[in-house]
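# Per-entry structural report
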Amino acid sequence: MKIKKIKINAKTPYDVIVGKGLLPELAAYLPNELHVGKTAVIITDSNVMPLYEPLARKSLEDAGYKVISHAFESGEKHKTPEELIKILNFMADNKVTRSDFIIALGGGITGDMAGFAAGVYLRGIDYVQIPTTFLAAVDSSVGGKTAVNLNAGKNLAGLFYQPSVVICDPDVFETLDDLTFADGVSEAIKHGFILDGEFFLKLKGKTRAQYMDDIVEIIARNVEIKGEIVGADEFERGKRQLLNFGHTAGHAIEKCTDHAYTHGQAVAAGMFIMSRAGYKKGFCEQDFSSEISEALVAFPWQFTFKFSVEDMYQAALSDKKRSGGKINIIIPESVGKCVIKEINAEELYEIFELGVK
Ligand code: GLY
């Protein structure tokens, strides 16, 4: 079995372990501090519960852990403070102590919500990320961002709270539909586009089957890129903002389409918009929007924009990344290099307008 281990040098360092077939042997990959005698609290959603909870549970119980599980209804609409409170009450009702730990088994929504619960339950308990989507594997399970959505927008309440380990078994991607798989592709090409042009070109135009042929290496390279950024700027005061390429527009699109656009789809549209707008506005010398669409050619997304610029603008204004009247946007300079540019928040309207036309 090919296993890759990448160290994330956050304030509390941890490993990301990637390999096919890891989930059924999960207990063997837990760090020593999460030893037998502790209770493992599996937090998952209603889709993943029947698919992978039994495998995770068996490995843990065979190794001697006590296991309890809680599943919430799947979907972005359920990434709410109310669901977070249910998770916290579930743990309190089951007398989970500070020395027990959470296993976040699922995609980004699960990882964000279970990580947040770990960060605030009894003022912080350990947690393990087990991503079951390609998106969570290459992005959200690494870096310690945890959150729930508020009415005003996505991820508006949360913590930076790093996991003890990330265990990623790409065999579980088999049960993803194509659109959900493509969400991960969008974040993977984003990592290449902002920091490693060679990697971007390697991924460009690949089909799902081609991704799967090389999946352990692809995830590992994504985690290295993300780990390099998180190691340099864990709390997103500078360089980590590069990871938000396409996200200001993307989050706005998710909100104004009421999540009819998935996260990856919205981010892909956002990267396209910012590339085109950056060029038209004179922030960069080349229009890279076709690089973005060509990289995603094997996936069934249309870059036609059916929402109003005004709706997008209003949605973006409630985004957490605003600072006073200013907002930082990410603009491509070349394939493999993006830069952070501060603009007045009102300029965003023009940027979106230039990007969608
Ligand atoms: N997904 C962007 C970040 O973790 O900073």
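For the structure, check the block above.
A brief look at the structure comes next. These numbers come from a predicted model, not from an experiment. (Residues numbered from 1 in each chain as written. Predicted model: local features only at pLDDT ≥ 70, side-chain atom pairs only at ≥ 80, totals over all residues. Heavy atoms only, no water.)

In this section: the environment of T248. Along the chain, the position of T248 falls in helix α9 (residues 247-256). For T248, a relative accessible area of 8% translates into the label buried. Residues T248 and T44, 204 residues apart in the sequence, show an inter-C-alpha distance of 28 Å. In this structure T248 touches A316, I327, N328, L348 and F352, once residues within four positions along its chain are discounted. (Helix = DSSP H or I, 4+ residues; strand = E, 2+ residues; numbered from the N terminus. Buried < 20%, exposed > 50% of the residue type's maximum accessible area, 1.4 Å probe, protein only. Contact = heavy atoms within 4.5 Å.)

To continue, consider the packing of helix α5 (residues 178-195) against helix α8 (residues 215-232). Two numbers describe how α5 lies on α8: the axes approach to 10 Å, and their chain directions differ by 55°. With respect to each other, α5 and α8 are oriented oblique. When the axes of α5 and α8 are compared, the crossing they make is left-handed. Together, E187, A188, H191, G192, I194 and L195 of α5 and N222, I225, K226, E228 and I229 of α8 make up the contact between the two elements. Class assignment of the residues belonging to the contact of α5 with α8 gives a composition of five nonpolar, three polar and three charged. (Axes fitted to C-alpha atoms, helices over the stretch in contact; angles between N-to-C directions. Parallel < 35°, antiparallel > 145°, perpendicular 65-115°, else oblique. Left-handed = near helix turned anticlockwise from the far one by under 90°. Nonpolar A, V, L, I, M, F, W, Y, C, P; charged D, E, K, R; others polar.)

It is worth spelling out the pairing of strand β8 (residues 153-160) at this point. Bridge count between strand β7 (residues 145-150) and β8: five bridges; the pairing is antiparallel. Bridge pairing links T146 to L159 in β8. In textbook terms, the turn of a hairpin is the stretch between consecutive antiparallel strands, and for β7 and β8 this stretch comprises two residues. (Pairing = 2+ DSSP bridges.)

Our focus in this paragraph is helix α2 (residues 81-93). With 13 residues, α2 ought to run about 18 Å at 1.5 Å a step, and its terminal C-alpha atoms sit 18 Å apart, in line with that. On its buried side, α2 packs onto β3 (39-45), β4 (66-72), β5 (101-106), α3 (108-120) and β7. Directly beyond the C-terminal end of α2, a positive phi value near 55° is found at K95. (Expected span 1.5 Å × (residues − 1).)

Moving on, we get to the packing of aromatic side chains. All chains considered together, the criterion is met by 15 aromatic pairs. Considering the side-chain rings of Y127 and Y161, the 5.8 Å spacing of their centres and the 10° angle between planes classify their relative orientation as stacked. With Y127 in strand β6 (residues 126-131) and Y161 in the loop between β8 and β9 (165-168), this pair connects stretches of sequence that are 34 residues apart. With relative accessibility at 1%, the residue Y127 sits in the buried group. Among the residues examined, Y161 registers a relative accessible area of 23% and is labelled partly exposed. (Phe/Tyr/Trp six-rings, centres within 6.5 Å; stacked < 30°, edge-to-face > 60°.)

Attention shifts here to the sheet that holds β3. Strand order in this open sheet of seven strands is β1-β2-β9-β6-β5-β3-β4, and the pairing throughout is mixed. Because the sheet does not close on itself, it has two edges, and the strands there are β1 (3-8) and β4. Taking the axes of each pair of neighbouring strands and ignoring which way they run, one obtains an average angle of 20° across the sheet. Across four bridges, strand β2 (residues 14-19) lies against β9 in parallel orientation.

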